[in-house]
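One-letter residues, chain by chain:
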Amino acid sequence: MRRLGQALLSVAILMASTSAMGRTPEDEAAIARGQKALAWAQSFACPDLGNPLSVAGLSSPAEIAQARQENWAYANGRLASMAEAIRARRVIEAEIAQQGGKPSRSMQESFATLDDAIAATSARTASALAQWMLASWVEMSKIDGGIDLVGGTSHPLAAYANDGRKLEQLAQGFGGALSPMVEKYNRCLSAMQASMIEYNSAQISAASQGARTPSAIDRIVAALEVVPSPSDSAGGRIVADLKVRRDALALAEAEAEQRRRAAASAEMRARLEREANVSRSIAARYVAAINSGDINAGIALLHDNVRLVSPRDGATGKQAVAARMRDAARDDQGVRPQPPQVDSNYQVYSAMRSSRGSGKLYFSFSGGKIEQIRLVQD
């Protein structure tokens, strides 16, 4: 119970505007104002491009800035109070769980106190945010829509979009109580953006006609939107058409690249086949020389730095390999390499069979000479 007492004491200190002994008339009034603020936010018409809002007390930029700053600061200041109230409520829930789920009378009263505090704090925050939203909308309605959206340095609604993200983050600290305000703010922002896009459609069309790549159109879309545009609006359809064109260009680019790669691959295969056929003719002369016993003719086809690689031993250099070839000819074991072939990797090889088993001779070439002979046993 000590944790419970500490939690409630913290709430009482942080929530100075809310009575710890129950809902006061001030709380009742605050809750009523908060409900009206939520209802107002949902019913208020979004600002319309070209129709500046006129609201008493929000006629000058200074008055608008002050209303936005003061009410935003107040709403943010309630976050700590709400977090402490929620934490204290969880402490009580834990205490109840430890007691088998049966709250005592004092715990029930604590729940009621915290619920009143949470309701009053949420309501006061909603009232402040309603004033903040109204000032924001008045300011937003005064924006000149005839600007260069595509080539401008920044989107005229970028700051308001950033405010919308902050509002959503702030509302998370109050659970779902402020969600209607977040949804309405974002909906109005999206509608205002769509109106700007529609108003500048001629400018956008001219810019998009000069865009020949998907990335160029992507840059236009990014310049137009700081939030998603409503799909059923004229501005939203303009953006959707741009994205369709972007995707078509991307598909055409991908198909062109695929054709280029296919052509390059076919050209490479043809080149490898030509080279393999040349190499196979050299290997065929070597095999014919070995099979006919003309060792010197075979040696003449070897590169000066030729290497012989086999599972038992090897040799490096034309003289060393030539010596091995002469030894093999004297120790004839009926080895007769078959006419060379080209495998799927364009490697030239000759199948062979002897009393010691079967295998393949793989040839590598350099400068029209045999650079390596590698024996692989089956």
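Keep in mind that this is a model prediction, so the values were computed, not measured.

Enquirer: Quick question: what am I supposed to make of the pattern of salt bridges here?
Expert: Oppositely charged side chains are able to pair whenever their charged atoms sit close together. Counting across every chain of the model gives 13 salt bridges. With a shortest N-O distance of 2.8 Å, Arg-87 and Glu-84 are connected by a salt bridge. With a gap of three residues between them, Arg-87 and Glu-84 both fall in helix H3 (residues 61–98), about one helical turn apart. By relative accessible area, which is 15% here, Glu-84 ends up buried. Between Arg-261 and Glu-257 there is a salt bridge, and its shortest N-O distance comes to 2.9 Å. Of this pair, Arg-261 and Glu-257 both sit in helix H9 (residues 234–292), four residues apart, which is roughly one turn of the helix. What makes Glu-257 partly exposed here is its relative accessible area of 28%. Through salt bridges with shared partners, a single ionic network connects Arg-68, Glu-139 and Asp-163.

Enquirer: Explain the side chain of Ser-350 here, please?
Expert: Take Ser-350: it is sitting in strand S4 (residues 348–354). Using a relative accessible area of 0% as the deciding quantity, one classes Ser-350 as buried. Side-chain polar atoms of Ser-350 contact the backbone oxygen of Gln-338, separated by 2.5 Å. Residues in contact with Ser-350, not counting those within four places in the same chain, are Val-287, Pro-337, Gln-338, Pro-340, Gly-359, Lys-360, Leu-361 and Phe-363.

Each value, and the rule that gives it
Residues numbered from 1 in each chain as written. Predicted model: local features only at pLDDT ≥ 70, side-chain atom pairs only at ≥ 80, totals over all residues. Heavy atoms only, no water. Salt bridge = Lys/Arg side-chain N within 4 Å of Asp/Glu carboxyl O. Helix = DSSP H or I, 4+ residues; strand = E, 2+ residues; numbered from the N terminus. Buried < 20%, exposed > 50% of the residue type's maximum accessible area, 1.4 Å probe, protein only. Polar contact = N/O pair within 3.5 Å; in protein donor to acceptor, adjacent residues only side chain to side chain. Contact = heavy atoms within 4.5 Å.

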